[in-house]
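Spelled out, the chains give:
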Amino acid sequence: MIKLLSHLSYVSVTTTDVEASVEFYKTHVGLTEVAREDGRVYLRCWGDYYSYSLVIAPGDEPSLETMAWRTSSAEALDEAAKRLEAAGVEVEWFDGFKVGRALRFVGPWGHNMTLHWDVERHQAAGHVASIYPDRPEKRSKIAGAPRQLDHVTIATSDVDGFAKWYNEVLGFRIMARTVLDEAPISVFSVLTTNEKSHDLGVVLDGSSRAGRVNHYAFWVDTYEELLIAADTLMEHDIPIEYGPSIHGIGEQTFLYYREPSTMRIELNTGGYRNYVPDWTPNTWKPSMGSSNFYRNSAMPMSMTESFPPADGPSATEEGVPEEIRDALLNPYTQHG
Ligand SMILES: [Fe+2]
């Protein structure tokens, strides 16, 4: 099987107040607005190679409109379409904004995914053009501004089933999974299309609502930049939800906070690279530090909230089974 996908290229999310979200991304995350079309606002990190990596669209609630991957070639895009159709999935072709001929589909657990090969490479305006040929534009002047989009983590009622399907149909490598200490329940898995530990995360969703997202993440180059971002958020009265700390799985340093729509954003840095083509995924227990490498703090229950909200703001109201909820409240039981 040829390699179908190369990397996550953009995420498109809905928000109830587009202007409030856009202002937040520009002021507090350090993204730049590049275009507006059909009510959507297109944003980019300074180091993104293509035109944009985040799309903000109007909606009744915060949600994931689509998550987009660039294929490895034009042929790979057609091959992906064939494989999806063979798997019984309806594929819709469309002309994407600055990504040309693209396909989108809704996966078995309700997640909209876009695949494309064509891209428009970013051409920085003169005053922000980098002096370095490989940089799409100058480094942002905003403290802690991410270099580029890193990954997206969705929520699903069947973590292992989701991982298996995306592995078999689209070639995502399964890198690791977390099974509860207390019960044989998979609560987390990480998939990748490249050498990163993951560009697609999967968390257990106890609700009955399909197609939800837990967060998406941007990459900063250094641990120091992540700490500066955390410092700056605190100085501007923007609460930090979880971190800074280090995940056991992937070994990335992480920081979670929310944008005005309540959607969760993560900043990441560090971690390992994995080039092993026949990697066998290990099964972690939360007590091993799968989410918190240092095993010294509990993940806030709010981290189990995904988007759009299921039936209410708390995990209990979202229908997380009692055994899972109790396990999550254990100080060493964390996923993320
Ligand atoms: Fe993440």
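Residues numbered from 1 in each chain as written. Predicted model: local features only at pLDDT ≥ 70, side-chain atom pairs only at ≥ 80, totals over all residues.

The name that an unreviewed UniProt entry assigns to the protein is Catechol 2,3-dioxygenase, with the source organism given as Microbacterium endophyticum.

### Thoughts on the overall build of the protein
To be explicit about the condition: To qualify as a helix, a DSSP run of H or I must reach at least 4 residues; to qualify as a strand, a run of E must reach at least 2; elements of each kind are numbered from the N terminus. This radius of gyration counts C-alpha atoms alone. The globule rule is 2.2 Å times how many residues there are, raised to the power 0.38. Counting other C-beta atoms within 10 Å of a residue's C-beta gives its exposure: the residue is buried at 20 or more, exposed at 12 or fewer, and partly exposed in between, where C-beta atoms are placed from the backbone. A pair of residues counts as a contact when their C-beta atoms, built from backbone coordinates, are separated by no more than 7 Å.
Across its full length, the protein carries 5 helices and 17 strands. Its C-alpha atoms give the protein a radius of gyration of 19 Å, within 12% of the compact-globule value 20 Å for 336 residues. Once the C-alpha set of the protein is aligned to its principal axes, its extents read approximately 55 × 50 × 40 Å. Expressed as a percentage of its 336 residues, the buried residues of the protein come to 45%. Look at the contacts in the protein between residues 6 or more apart in sequence, and 67% of them connect residues 24 or more apart.

### Observations regarding the environment of Y257
By the element assignment, Y257 lies in strand β15 (residues 252-258). Look past the residues within four positions of Y257 in its chain and what remains in contact with it is L233, I238, P239, I240, E241 and I265.

### Overview of the environment of S12
When you line up the elements, S12 lands in strand β1 (residues 5-15). As for S12 and T280, which are separated by 268 residues in sequence, their C-alpha atoms are 32 Å apart. Residues contacting S12, with those up to four places away along its chain left out, are V55, A57, E65 and T66.

### Structural notes on the sheet that holds strand β2 (residues 32-37)
This is how the line gets drawn: Strands qualify as paired when DSSP identifies two bridges or more between them. The convention used is that axes are lines fitted to C-alpha atoms, helices contributing only their stretch in contact, and that angles between N-to-C directions extend from 0 to 180 degrees.
The 8 strands are arranged β2-β3-β4-β1-β5-β8-β7-β6 in an open sheet whose pairing can be described as mixed. With partners counted over all chains shown, the strands left at the sheet margins are β2 and β6 (92-96), one partner each. When the angles between neighbouring strand axes are averaged without regard to direction, this sheet yields 25 degrees. Bridge count for β1 against strand β5 (residues 63-71) is 8 bridges, and the pairing is antiparallel. The residue of β5 that forms the bridge with L8 is W69.

### Points about the environment of F218
Take F218: it is sitting in strand β13 (residues 212-219). A C-alpha to C-alpha distance of 16 Å links F218 and T232, two positions 14 residues apart in sequence.

### A short note on the UniProt feature "domain: VOC" (unreviewed entry) in the protein
Rules: UniProt positions are given in the numbering used here, feature names are shortened, and annotations may be inferred rather than shown by experiment.
Per the UniProt record, "domain: VOC" (unreviewed entry) is found at residues 7-118 and 148-270. Taken end to end, residues 7-118 is 22% helix and 46% strand, and its first and last C-alpha atoms sit 13 Å apart. Structurally, residues 148-270 comprises 20% helix and 46% strand, and the distance from its first C-alpha atom to its last is 14 Å.

### A closer look at the pairing of strand β12 (residues 200-204)
Within a regular strand, side chains alternate between the sheet's two faces. With 5 of its 5 residues buried, β12 lies for the most part within the structure. Of the strand pairs in this sheet, strand β9 (residues 148-156) and β12 are connected by 5 bridges, and their pairing is parallel. Residue A155 lies in a different strand from β12, and its bridge partner there is V203. As judged from the 4 bridges shared by strand β11 (residues 186-192) and β12, these two strands associate in the antiparallel manner. Of the residues in β12, the one forming a bridge with F188 is V203.

### What to know about the nonpolar core
Going by this rule: Nonpolar cores are built from buried Ala, Val, Leu, Ile, Met, Phe, Trp, Tyr and Cys residues. These are joined into a set through C-beta atoms within 7 Å.
Judged by nonpolar contacts, the single largest core of 74 residues is most densely connected at V11, L43, L54, V152, L191 and V202. If we skip the residues at most four places from it in the chain, L191 touches A163, Y166, N167, F172, R173, I174, M175, H198, L200 and V202.

### Regarding the sheet that holds strand β14 (residues 240-246)
The 9 strands lie next to each other as β14-β15-β16-β13-β9-β12-β11-β10-β17, forming an open sheet whose pairing is mixed. Edge positions in the sheet fall to β14 and β17 (282-284), since each of these pairs with one other strand and no more. Taken pair by pair, the neighbouring strands of this sheet meet at an average axis angle of 20 degrees, ignoring direction.

### Quick look at unusual backbone geometry
The residue after G243, namely P244, is reached through a cis peptide bond having omega 0 degrees. Along the polypeptide, P244 turns up in strand β14. You will see that K98, though not glycine, has its phi angle at about 60 degrees, which is positive. You can see K98 is positioned in the loop between β6 and β7 (100-106). Among the residues examined, K98 registers 18 C-beta atoms within 10 Å and is labelled partly exposed. We note that E251 has phi near 55 degrees; this positive angle belongs to a residue other than glycine. Relative to the elements of secondary structure, E251 occurs in the loop between β14 and β15.

### A closer look at the pairing of strand β4 (residues 54-58)
For β1 and β4, the ladder comprises 5 bridges, and the chain directions are parallel. Each bridged residue has a counterpart across the sheet, and for T14 the counterpart in β4 is A57. Sheet topology note: the strand β3 (residues 40-44)/β4 ladder contains 3 bridges and is antiparallel. Residue pairing across strands places V41 opposite I56, the latter belonging to β4.

### Comments concerning helix α2 (residues 74-86)
How we decide: To estimate the expected span of a helix, count its residues, drop one, and scale the result by 1.5 Å.
Between its terminal C-alpha atoms α2 stretches 19 Å, which fits the 18 Å expected from 13 residues at 1.5 Å a residue. In the segment just after α2, G88 is the residue with positive phi, at about 85 degrees.

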